[in-house]
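What follows is each chain in one-letter form.
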Amino acid sequence: MAKTSMINREAKREKLAKKFAAKRDALKKIVSSDSASYEEKMDAAVKLQKLPRDSSPSRQTTRCALTGRPRAVYSKFGLGRNMLRKATMNGDVPGLRKASW
């Protein structure tokens with residue numbers, strides 16, 4: 001089981017990313033547009049840098065829904081490899097079973 005503080009940190013990052021998503025997209029469009037002047041682009045870049053770091057979606061990591069483990073998480077199921085294996089053995093994941101040949 002992951003530390004509760006780490007799970008809460010990820011939840012905070014998700015909340016901040018949702019809160020600043022529109023503002024972030026608008027500033028990125030200004031920075032990458034051809035019609036904006038150099039000063040407007042620099043101003044938008046500075047504003048973008050002043051947003052909270054955790055509002056960036058790339059800082060989010062996927063975590064297992066059951067244990068909170070950050071590594072080896074299958075995005076299709078939202079579970080870590082250990083919990084996915086356990087759920088598969090119990091028959092909880094429809095259409096998934098242990099391979100044998």
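Up top is the structure these notes are about.
Given the structure is predicted, the values throughout are model-derived calculations rather than measurements.

(A) Representation of the nonpolar core within the structure. If you look at the biggest cluster of nonpolar residues, it comprises six residues: Cys64, Leu79, Met83, Leu84, Ala87 and Val93. Here this core takes three residues from helix H3 (residues 81-90), the largest share from any one element. Once you skip the residues sitting within four places of it in the chain, Val93 turns out to touch Phe77, Leu84, Ala87 and Thr88. Leu16, Phe20, Leu27 and Ala44 belong to the second-largest nonpolar core, a separate cluster that totals five residues.

(B) Local environment of helix H1 (residues 4-32). Across its 29 residues, H1 extends 39 Å between first and last C-alpha, which sits within 8% of the 42 Å expected from 1.5 Å per residue. Along H1, the largest kink reaches about 55 degrees and is centred on Phe20. Within H1, the full set of buried residues consists of Glu10, Arg13, Leu16, Ala17, Phe20, Arg24 and Leu27. On the buried face of H1, the contacting elements are helix H2 (38-50).

(C) Examining unusual backbone geometry more closely. Even without a glycine there, the phi angle at Ala72 is positive, about 60 degrees. Inspection of the secondary structure puts Ala72 in the loop between H2 and strand S1 (73-74).

Rules used throughout
- Residue numbers run consecutively from 1 along every chain, following the written order of its sequence.
- This being a predicted model, a pLDDT of at least 70 is required before a residue's local features are given, and a value of 80 or more before pairs of side-chain atoms are given or counted; all residues contribute to the totals for chains, interfaces and linings.
- Only hydrogens and water are set aside; all other atoms, that is, all heavy atoms of the structure, feed into the side-chain values.
- Each nonpolar core is a collection of buried residues, namely Ala, Val, Leu, Ile, Met, Phe, Trp, Tyr and Cys, held together in the definition by side-chain atoms within 4.5 Å.
- The rule is simple: take the accessible area with a 1.4 Å probe, protein chains only, and divide by the maximum for that residue type; under 20% is buried, over 50% is exposed, in between is partly exposed.
- Starting at the N terminus, helices and strands are each numbered in turn, a helix being any DSSP run of H or I of at least four residues and a strand any DSSP run of E of at least two.
- Contacts are assigned to residue pairs with any non-hydrogen atoms lying within 4.5 Å of each other.
- What a helix is expected to span follows from its residue count: subtract one and scale by 1.5 Å.
- Throughout, bend refers to the angle between the axes fitted to the seven residues that end at a position and the seven residues that start at it.

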